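# Residue-level structural notes
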Amino acid sequence: MKDFLVILFFLGSCIQQSFAQNQEEKIRSLFPIENREGIEQLRNLFYSIYTSGERDKSWGEPILATLKSAERWVKQHGNSTDRLLVEYYLLMYDDNQLNNDLVINRGETLVSNPEFLKLPESIFALFALNSSYGRKGYYIQQINIINKLIEQNERFGNIGRSKTYAYYNELALVYYNLRQFGLARTNFKKQAELFREADDYFLTSSMLNNIGLTFIKENEPDSAYTYYSQAMNILENKISSSEYYSDAYMAHFKNVVRSNIFKIDLDKADFEDSEQAFMAELRSSKAIKEPRTTTQVYHYLADLYYHNAQYKLAESYNDSTLIYRKKFPDPSIRKDAYLLRAKIALAKNQNKNALKYFDLAFTLTDSLYKANENKNYSEATAKYNFVKTGQALEQNEKQLEQIEKASQLQRIFLSVVIVLSIVIGIILIRVKKSNKLIANQKIALEKGLIEKQIMLDEIHHRTKNNLQVVSGILELQSNKITSKEYTKLFDQSKDYLRSMAMIHELLYDQEIISSLDMQVYLSKLCDLLIQHYPKLNIKYQVKACPVPLNFNKATPLALICCELITNSLKHAFKKEGSISIILSRSTDGYLLEYKDNGIGFNQIKNNDYYNTGLNLIMMLAEDLDGSVNFKNDQGFLCRLYFKD
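Predicted, not measured: the structure shown is a model, and the values here were computed from it.

### Section: the overall build of the protein chain
- Tallying secondary structure elements over the protein chain gives 24 helices and seven strands in all.
- The proportion of buried residues among the 644 residues of the protein chain is 41%.
- Taking as baseline every contact in the protein chain between residues at least 6 positions apart, the subset at least 24 positions apart corresponds to 66%.
- Accessible surface, the protein chain: about 36000 Å² in total, of which carbon and sulfur atoms supply 53%.

This is the structure we're talking about:
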């Protein structure tokens, strides 16, 4: 429940209000910016704010007004660097306001510009983009941007994050959000060790706390308690002050860790101790202005009182949860609050109220419902406006009828004839123009479709040829390598290229090039890979559903099969064996079952085990919007489910 707060602890830095307010007042005082001097002062102020890591929680409209005045001056008098910097200032304002979609739109445009990447400000734009990806749940995009972030930070002397930070934390957060808690824990441990070596006890304690959270997610409360206790021991015995964090901030984090310990099991924890811990966290979260944390603590207090049959207090804090969450709206928090209220009502034999709150909770299963709710509201508004327009038209028609009755029949007839003639003439002209336009568009579309078909055909042909050329180059280069380990890596790379080239070859040979017959493809892939191991006697069986897959699904699936077959041939068999690949279709997706009768995989239950091939399979499964699991069943078995 406290995941988001802890993530902020990883990334956040101390907010010292006096410095931040002073810098922001200077920005406001520049309004309006009408000369080069103002532009330079604005850049210096932004650089000072973000290199110090100190800024206010939320900027007001005066800041935006100053930035807009700078934008107007730059459009008329500025150079290309000025224009990039103004876009950067607006990006950071959007980030401050948590406008994630605007940050992503501006940020992706900026960081794809080579000129902008020459500026030190690019580091902070990358951090803002990374944060918005995280808030939106775009975790794969985060992985893609982390390397660029590390590169830029090192390029400009680690002004965005200290070298000690090492970015294991960023990777851990992505794995945590992808629910790969073992990988997240491994990276948290690496980051904790770096902080410990640098004598940064506060951040060491935050990493230990996060390791505890990964164990909570895996229902291992004893392990979580061990790491929470280690974090608390550091906070109580090794930290008295910090160069970067305020006393209030560190005291609040201590309250968070103490509360996490009590949350492990509310039923067994001492009531008075739990109550004191939650109350302390409530006060400190309000002091440092963390509305999400405050809301969650209200919920935990309500839950605590519910567990101790103090239903009146439970209801009171439950009300506070629902009221306070308006400062940081979150459907999941509201859902949990409704579920708890329903349980309180059941405990008080208020079955009608319990049913009401259960119904409210079930309508808030996830944040996507809220988006759908907004969409439905917009549609309903449009329908309402349409009805109102229809009513207005009916009233106008009645008024016209009254006028017609009061007028002479002859004048009415002549007027109607004139009006109808004009309308019919206009309609005929428009119909003629529309028909001509439709005919031209049809010709253009047919021509465009033919051209696109030819171009797509040529692209697949050229891609296949290019992949074969690259494979040939690797073949030549591999002859120069004396190391068996590197030779294996080259061979594996050639297998990947051949499997991808085979996709394009099959697509090029088919009349329909938008999809691939997986029965044919997987059979050819097995033949291709098995022939590289002539000393093994390997039989294989492929059963793929007759429905072909499109290119976007076939490519990652082919690479997963290539990796699985290669692993079996390398590690599973001594002299002979068999491989089975079954691709079946269900009502809403596909199931790939890969099995060999080899020696199995001895690291199957080791969550901390890291392997490049397995990690590749997990990432490709994510591209398919699917899930994958492994087990030993008279050999090795892999099941991959992905949506249609």
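On we go.
### Structural notes on the packing of aromatic side chains
- Scanning the entire structure with this criterion turns up 23 aromatic pairs.
- Taken together, a centroid distance of 4.6 Å and an interplanar angle of 35 degrees make the contact between Phe46 and Tyr89 tilted. Placement of the pair is Phe46 in helix α3 (residues 36–52) and Tyr89 in helix α5 (residues 80–96), with a sequence separation of 43 residues. In this pair, the class of Phe46 matches that of Tyr89, namely buried.

### Some words on the pattern of salt bridges
- According to the stated counting rule, one finds 14 salt bridges in the structure shown.
- Arg258 is paired through a salt bridge with Glu236; the nearest N and O atoms lie 3.8 Å apart. Highlighted residues: Arg258 in helix α13 (residues 247–263) and Glu236 in helix α12 (residues 221–237), separated in sequence by 22 residues.
- Judged by relative accessible area, which is 47%, Glu236 ranks as partly exposed.
- For Arg639, the salt bridge identified is with Glu593, shortest N-O distance 2.9 Å. Here Arg639 is found in strand β7 (residues 636–643), whereas its partner Glu593 is found in strand β5 (residues 589–596), with 46 residues between them in sequence.
- Judged by its relative accessible area of 22%, Glu593 is partly exposed.
- Residues joined in a network through salt bridges with shared partners are Glu87, Asp94 and Arg106.

### Considering the nonpolar core
- With 45 residues, the main nonpolar core has Met518, Leu557, Ile565, Ile581 and Leu583 as its most contacted residues.
- Counting only elements with at least two residues in this core, the list comes to α22 (518–530), β2 (537–544), α23 (551–572), β4 (576–585), β5, α24 (612–623) and β7.
- For this core, the element with the highest residue contribution is α23, accounting for 11 residues.
- Counting 32 residues, the second largest nonpolar core, distinct from the first, contains Leu42, Trp73, Leu85 and Val103.

### Section: helix α10 (residues 181–197)
- Compared with an ideal rise of 1.5 Å per residue, which puts 17 residues at 24 Å, α10 spans 24 Å between its outermost C-alpha atoms and is within 8% of the ideal.
- Regarding α10, the residues found buried are Phe181, Gly182, Leu183, Ala184, Arg185, Asn187, Phe188, Gln191, Ala192 and Phe195.
- Asp199 sits one or two positions beyond α10 and adopts a positive phi of about 60 degrees.

### So, helix α11 (residues 201–217)
- Look at α11: 25 Å from first C-alpha to last across 17 residues, which is about the 24 Å you get at 1.5 Å a residue.
- Counting buried residues in α11 gives 14 out of 17 residues, a clear majority hidden from the surface.
- Among the residues trailing α11, Asn219 stands out with phi positive, at a value near 55 degrees.

### Side note on the sheet that holds strand β6 (residues 626–632)
- Read from one edge to the other, the open sheet built from five strands follows the order β2-β4-β5-β7-β6, with strand pairing classed as mixed. Across the chains shown, the open sheet's two edge strands, defined by having one partner strand only, are β2 and β6. Taken pair by pair, the neighbouring strands of this sheet meet at an average axis angle of 10 degrees, ignoring direction.
- As judged from the seven bridges shared by β4 and β5, these two strands associate in the antiparallel manner. Pairing of Ile581 across the sheet is with Tyr594, part of β5.
- Those strands touched by α22 are β2 and β4, and its axis lies near 165 degrees from that of β2.

### A short note on a nonpolar patch on the surface
- There is a patch of nonpolar side chains on the surface, built from Val416, Leu420, Ile424 and Leu428 and spanning about 370 Å² of accessible area.
- With respect to the secondary-structure elements, Ile424 resides in helix α20 (residues 409–478).

### Some remarks on the side chain of Asp82
- Along the chain, the position of Asp82 falls in helix α5.
- When neighbours within four sequence positions are excluded, Asp82 is seen to be in contact with Arg36, Ile39 and Val74.

### Looking at the packing of helix α17 (residues 331–347) against helix α18 (residues 351–362)
- The N-to-C vectors of α17 and α18 enclose an angle of 165 degrees; their axes lie 8 Å apart at closest approach. One element, α17, and the other, α18, form an angle in the roughly antiparallel class. As α17 packs across α18, the resulting crossing turns out to be left-handed. Between α17, through Lys335, Tyr338, Leu339, Arg341, Ala342, Ala345 and Leu346, and α18, the contact on the second element is made entirely by Asn351, Asn353, Ala354, Tyr357, Phe358, Leu360 and Ala361.
- Residue composition of the contact of α17 with α18, by class: 10 nonpolar, two polar and two charged.

### Regarding the state of the cysteines
- Tallying each qualifying case throughout the model produces zero disulfides.
- Free cysteine Cys638: the closest other cysteine sulfur is in Cys561, separated by 8.7 Å.
- Taking the relative accessible area as the measure of exposure, Cys638 reaches 1% and is therefore buried.

### Some points on the pairing of β4
- Examined bridge by bridge, β2 and β4 share eight bridges and lie parallel to one another. Each bridged residue has a counterpart across the sheet, and for Tyr540 the counterpart in β4 is Ile579.
- What sits between the antiparallel neighbours β4 and β5 is a turn of three residues.

### A closer look at unusual backbone geometry
- The peptide bond linking Phe31 to Pro32 adopts the cis configuration, its omega dihedral lying at -10 degrees.
- Among the structural elements, Pro32 can be located in the loop between α2 (17–29) and α3.
- One non-glycine residue with positive phi stands out, namely Gln634, at about 55 degrees.
- For Gln634, the location among the structural elements is in the loop between β6 and β7.
- By relative accessible area, which is 72% here, Gln634 ends up exposed.

### Section: the environment of Tyr139
- Along the polypeptide, Tyr139 turns up in helix α8 (residues 139–155).
- The exposure class assigned to Tyr139 is buried, which follows from its relative accessible area of 19%.
- Placed 38 residues apart in sequence, Tyr139 and Asn177 show a C-alpha to C-alpha distance of 7.3 Å.
- Excluding residues that lie within four positions of it along the chain, Tyr139 makes contacts with Gly134, Val174, Asn177 and Leu178.

### Details of the packing of α13 against helix α14 (residues 271–287)
- The geometry of α13 relative to α14 is characterised by a closest axis approach of 9 Å and an angle of 145 degrees between their N-to-C directions. Our pair here, α13 against α14, has a crossing hand that is left-handed. In contact with His252, Asn255, Val256, Arg258, Ser259, Phe262 and Lys263 of α13, α14 contributes Asp273, Ser274, Ala277, Phe278, Ala280, Glu281, Ser284 and Ser285.
- Across the contact of α13 with α14, the residue classes tally to five nonpolar, six polar and four charged.

Parameters and conventions
Residues numbered from 1 in each chain as written. Predicted model: local features only at pLDDT ≥ 70, side-chain atom pairs only at ≥ 80, totals over all residues. Heavy atoms only, no water. Helix = DSSP H or I, 4+ residues; strand = E, 2+ residues; numbered from the N terminus. Buried < 20%, exposed > 50% of the residue type's maximum accessible area, 1.4 Å probe, protein only. Contact = heavy atoms within 4.5 Å. Areas by Shrake-Rupley, 256 points an atom, 1.4 Å probe, with all protein chains shown as cover. Phe/Tyr/Trp six-rings, centres within 6.5 Å; stacked < 30°, edge-to-face > 60°. Salt bridge = Lys/Arg side-chain N within 4 Å of Asp/Glu carboxyl O. Core = buried A, V, L, I, M, F, W, Y, C linked by side-chain atoms within 4.5 Å. Expected span 1.5 Å × (residues − 1). Pairing = 2+ DSSP bridges. Axes fitted to C-alpha atoms, helices over the stretch in contact; angles between N-to-C directions. Patch = residues over 30% accessible without salt bridge, like charges linked within 9 Å, V, L, I, M, F, W, Y side chains within 5 Å. Parallel < 35°, antiparallel > 145°, perpendicular 65-115°, else oblique. Left-handed = near helix turned anticlockwise from the far one by under 90°. Nonpolar A, V, L, I, M, F, W, Y, C, P; charged D, E, K, R; others polar. Disulfide = S-S within 2.5 Å.

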